[in-house]
Amino acid sequence: MRFPYLTVLVLLPAAGALALGLMVRASRLVVELVGLAVALATLGLAVAVAVLLHAGAGGYQFVSDHAWAQSLGISWFVGVDGISVFLVVLAGVLFPIALAGARARENARAFVAWMLLLEAACIGTFISLDLILFFLFFELTLVPAYFLISGWGFTRRAYAAVKFFVYTFLGSAFLLVGILVLAFLHQSQRGVLTFSLPALEHTHLTGSTGVLLFLAFTAAFAVKAPLFPFHTWSPDAYTEAPTGGSMVLSGVLAKLGTYGIIRFDLNLFPQAAKTLAPLLLTLAVIGILYGALVASAQSDLKRLVAYSSLAQMGFITLGVVAGSKIAMVGAVLLMFNHGVITAGFFLLIGFLERRRGTATIADLTGLQGPAPVLAALFTVVMLASIGLPGLSGFVSEYLILIGTFATHAWWGVAATFGVVLAALYLLWVYQRVFHGRATGENAQVVDATTSERWVMVPVVVLVVVLGVFPKPVLDRISPSVQQLISHVAPAGVSK
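Residues numbered from 1 in each chain as written. Predicted model: local features only at pLDDT ≥ 70, side-chain atom pairs only at ≥ 80, totals over all residues. Heavy atoms only, no water.

This paragraph deals with the environment of phenylalanine 269. Summarising the element assignment, phenylalanine 269 is placed in the loop between α11 (243-268) and α12 (270-296). A C-alpha to C-alpha distance of 9.6 Å links phenylalanine 269 and threonine 209, two positions 60 residues apart in sequence. When residues no more than four places from it in sequence are discounted, the contact partners of phenylalanine 269 are Leu182, Leu205, Gly210, Leu213, Phe214, Phe217 and Phe264. (Helix = DSSP H or I, 4+ residues; strand = E, 2+ residues; numbered from the N terminus. Contact = heavy atoms within 4.5 Å.)

This is the structure:
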């Protein structure tokens, strides 16, 4: 019997969360060390899965399929391919960084426990191949995320937490209805009630039914991502969440939405995906340009990154629905790269906020003088987000734009303006925060400590290595993307 890698990947952080919940008398140091150890063990297991994944195969690997509620057609059916495995690794990377670099101000035991439960739910979502199992994990992410925002957030944390919960919960209601309708349609055609993704792919759908189900699924995914115009909860949630919460909300939870579009929308409703592609491409481009323009007008660093993230999610959506293998490979890679980059942004902003008590741009100036290492780290992350050649953001955005030009040239041209705008507002904010002469409290800002530098090392290494040598990752993503493109698009479109 093979080792159940994926099952353990879910159970390990979940068990860690449970253990911390029972450690009522443990000191803060013990709690944080236990949480970090569990998160690092999860990372090690996730990396092992990525390394052991057969690079030339496009299908699901490390599959576990066990009947759970057999009479209801529900099973513990999990597996990964080249698309999902790096999202599992992304969760494995970001949670220990968040736990080490963005510790809770108070009640560390509850904070770390909620973080580990959130990690278990995210990984469970990425590996689920049973639609009910996917839905359960997808919804479970709401609970720890809500408590992280409301319990450890800033001034308007209660408002932001409720808005986040209501928006995502309402979107998920459409997803549940869509899942049930699809399963019952399959049962009426095949005589078997199942929620298995490979089985449901063979359900015959009329054009209008497929479009309606596609929209029901996408309603939940668009809110979770978030995609324009379903994004209005995200600036509040990202701004009011604690630093660790902002890191995982933008870095990992947002990818649940775009992953859902790839894994379920495209596999289950290929004809509807092609029918609605122009609509999604248009919304993606609007999101890119709108996010960039609104980011330019922000006075708070966290809100600026939130709107910058909206623009990046637009790029990911563009690559997913462009109908091109190159563009979709770029979109999957950008999901990983954006997760690392935006988490790095929020972590650095958290360092600044800890020193100055504010993330308001007007209150920060000339920090490059007293804090040159913090400025250098911010520069690396900023340039990666802009898409500087040699850093990770360039590779993924380049693939998306090249692939989109091949299939939908005008949308690709419009999206290119988003790259230009990103360079303008990010360079402008860097100039305002780090250039000039530091006075008053800004002149007293302490540079990055040794521990802070070590926490940022994985971010910088990933940004540089994936910018210079992304081939091992691309080799694992490409076969799964090719298989999906062949399923969705006519042979002549998979460029």
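The rest of the description comes next.
Take the environment of alanine 254 next. Relative to the helices and strands, alanine 254 resides in helix α11. We classify alanine 254 as buried; its relative accessible area is 0%. When residues no more than four places from it in sequence are discounted, the contact partners of alanine 254 are Lys224, Ala225, Tyr238, Leu249 and Met313. (Buried < 20%, exposed > 50% of the residue type's maximum accessible area, 1.4 Å probe, protein only.)

This part takes up unusual backbone geometry. At the junction of alanine 225 and proline 226, the peptide bond is cis and its omega measures out at -10° in the coordinates. Assignment of secondary structure puts proline 226 in the loop between α9 (207-224) and α10 (233-240). A cis amide bond, omega 5°, links phenylalanine 228 with the succeeding residue proline 229. With respect to the helices and strands, proline 229 occurs in the loop between α9 and α10. Located in the positive-phi region is phenylalanine 62, a residue other than glycine, with phi close to 55°. Among the structural elements, phenylalanine 62 can be located in strand β1 (residues 61-69). We note that asparagine 107 has phi near 50°; this positive angle belongs to a residue other than glycine.

It is worth spelling out empty space enclosed by the protein at this point. Gaps left between atoms are located by rolling a probe of water-molecule size over the structure's atoms. Applying the stated rule across the entire model yields two cavities of 30 Å³ or more. Around the largest cavity sit Val305, Ser308, Ser309, Gln312, His338, Ile341, Thr342, Phe345 and Ser385, which together line it. For the lining of the largest cavity, the secondary structure elements donating two or more residues are α13 (301-321) and α14 (325-356). In the lining of the largest cavity, the residues fall into three nonpolar, six polar and no charged. There is about 50 Å³ of room inside the second largest cavity. For the lining of the second largest cavity, the secondary-structure elements that each account for two or more residues are α2 (28-52) and α4 (108-127). Considered class by class, the residues forming the lining of the second largest cavity number six nonpolar, no polar and two charged. (1 Å grid on protein atoms, 1.4 Å probe; cavity = no way out; pocket = protein on both sides within 12 Å on 5 of 7 lines; lining within 4 Å. Points joined across faces, edges and corners; volume = space filled by probe spheres on them. Nonpolar A, V, L, I, M, F, W, Y, C, P; charged D, E, K, R; others polar.)

A cluster of nonpolar side chains, namely Ile326, Phe394, Tyr398, Ile402, Phe405, Trp410, Val413 and Phe417, defines an oily patch on the protein surface of about 800 Å² accessible area. Elements supplying a minimum of two residues to the nonpolar patch: α16 (392-407) and α17 (409-434). Looking at the nonpolar patch, the element that brings in the most residues is α16, giving four residues. Turning to its location among the elements, tryptophan 410 is positioned in helix α17. A relative accessible area of 73% means that tryptophan 410 is categorised as exposed. (Patch = residues over 30% accessible without salt bridge, like charges linked within 9 Å, V, L, I, M, F, W, Y side chains within 5 Å. Areas by Shrake-Rupley, 256 points an atom, 1.4 Å probe, with all protein chains shown as cover. Salt bridge = Lys/Arg side-chain N within 4 Å of Asp/Glu carboxyl O.)

So, on to α17. Taking 1.5 Å as the rise per residue, α17 with 26 residues should run 38 Å; its terminal C-alpha atoms sit 38 Å apart, in good agreement. Along α17, the residues classified as buried are Gly412, Ala415, Gly418, Leu421, Ala422, Ala423, Tyr425, Leu426, Val429, Tyr430, Val433 and Phe434. Looking at the buried positions of α17, the neighbouring elements they touch are α12, α13, α14, α15 (372-386) and α16. Note on α17: the residue one or two positions beyond its end, glycine 436, has a positive phi of about 90°. (Expected span 1.5 Å × (residues − 1).)

What follows concerns the packing of aromatic side chains. Considering all chains together, one arrives at 26 aromatic pairs under this definition. Judged by centre distance (6.0 Å) and plane angle (70°), the ring pair of tryptophan 76 and phenylalanine 137 falls under edge-to-face. Separated by 61 residues along the polypeptide, tryptophan 76 in strand β2 (residues 74-80) and phenylalanine 137 in helix α5 (residues 131-140) bring together distant segments of the chain. Comparing tryptophan 76 with phenylalanine 137, the two get one shared label, buried. (Phe/Tyr/Trp six-rings, centres within 6.5 Å; stacked < 30°, edge-to-face > 60°.)

In the predicted model, the protein carries a mean pLDDT of 91, and 98% of its residues have values of at least 70. Contacts for the low-pLDDT stretch residues 491-495, under 50 throughout, to residues beyond four places or in other chains number eleven contacts. (pLDDT = per-residue confidence, 0-100.)

A few words now on the side chain of threonine 203. Topologically, threonine 203 is positioned in the loop between α8 (197-200) and α9. Of the polar contacts made by the side chain of threonine 203, one reaches the side chain of histidine 186; its length is 2.9 Å. One polar contact links the side chain of threonine 203 to the main-chain carbonyl oxygen of leucine 200, over a distance of 2.9 Å. Setting aside residues up to four positions removed in sequence, threonine 203 forms contacts with Leu182, Leu185, His186 and Gln189. (Polar contact = N/O pair within 3.5 Å; in protein donor to acceptor, adjacent residues only side chain to side chain.)

On to helix α19 (residues 471-488), then. Between its first and last C-alpha, α19 extends 25 Å over 18 residues, near the 26 Å set by a 1.5 Å rise per residue. Largest kink in α19: about 30°, centred on serine 478, with the proline proline 479 one to four residues after it. (Bend = angle between axes of the 7 residues up to and from the residue.)

Moving on, we come to the pairing of β1. Across six bridges, β1 lies against β2 in antiparallel orientation. Note that in β2 the partner of glutamine 61 across the bridge is valine 80. Two successive antiparallel strands, β1 and β2, enclose a turn made up of four residues, where glycine 73 displays a positive phi of approximately 75°. (Pairing = 2+ DSSP bridges.)

Moving on to the pattern of salt bridges. Taken as a whole and assessed by the stated rule, the structure comprises eleven salt bridges. Across the pair arginine 303 and aspartate 236 runs a salt bridge whose closest N-O atoms are separated by 3.4 Å. With a gap of 67 residues between them, arginine 303 in helix α13 and aspartate 236 in helix α10 connect regions that are remote in the sequence. For arginine 303, a relative accessible area of 23% gives the class partly exposed. Here aspartate 236 falls in the buried class, since its relative accessible area comes to 8%. Residue arginine 355 pairs with glutamate 452 through a salt bridge whose shortest N-O separation is 2.6 Å. Here arginine 355, found in helix α14, pairs with glutamate 452, found in helix α18 (residues 450-468); they are 97 residues apart in sequence, far enough to count as distant.

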